[in-house]
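# Close look at the chain arrangement
Below, each chain spelled out in residue letters.
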Amino acid sequence: MVRFTATYAVAEEIDYWAELLPWWANQNLGKELEELTVGHFRVRANGPQGSAVVELVQRAGRWFVDGVED
């Protein structure tokens, strides 16, 4: 896995959707709705190497980059 650090600024929100993890699955039993909701944000971000469309995922209070399109 390749890791690098760069700061990008969100210039535009392109799309947003949310999904609910299966509450009936053993690993999710007893979790609150907030813990089961996964938010997906597609944004255009500008940074030191140009702009890109980035999919950001918010799950259980944490953020992840799920994909980047140059």
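Up top is the structure these notes are about.
Residues numbered from 1 in each chain as written. Predicted model: local features only at pLDDT ≥ 70, side-chain atom pairs only at ≥ 80, totals over all residues. Heavy atoms only, no water.

## Looking at the nonpolar core
What counts, and what does not: In this text, buried Ala, Val, Leu, Ile, Met, Phe, Trp, Tyr and Cys residues form a nonpolar core when linked through side-chain atoms within 4.5 Å. The cut-offs for exposure are 20% and 50% of the maximum accessible area for each residue type, with area from a 1.4 Å probe on protein chains only; residues under the lower value are buried, those over the upper are exposed, and the others partly exposed. Secondary structure counts use DSSP, requiring at least four H or I residues in a row for a helix and at least two E residues in a row for a strand, with both numbered from the N terminus. The contact rule is simple, with two residues in contact once any of their heavy atoms fall within 4.5 Å.
Counting 5 residues, the largest nonpolar core is built from Phe41, Val43, Ala45, Ala52 and Val54. Sorting the residues of this core by element identifies strand E2 (37–47) and strand E3 (50–59) as the ones contributing at least two each. When residues of this core are assigned to their parent elements, the largest contribution, 3 residues, is made by E2. Look past the residues within four positions of Val43 in its chain and what remains in contact with it is Val10, Glu12, Glu13, Ile14, Ala52, Val53, Val54 and Leu56.

## Here we look at the environment of Arg44
Turning to its location among the elements, Arg44 is positioned in strand E2. Note on Arg44: relative accessible area 32%, which makes it partly exposed. A C-alpha to C-alpha distance of 9.5 Å links Arg44 and Tyr8, two positions 36 residues apart in sequence. Ignoring sequence-local partners within four residues, the contact set of Arg44 consists of Ala9, Val10, Ala11, Glu12, Ile14, Ala52 and Val53.

Nothing here speaks to function; it is all geometry.
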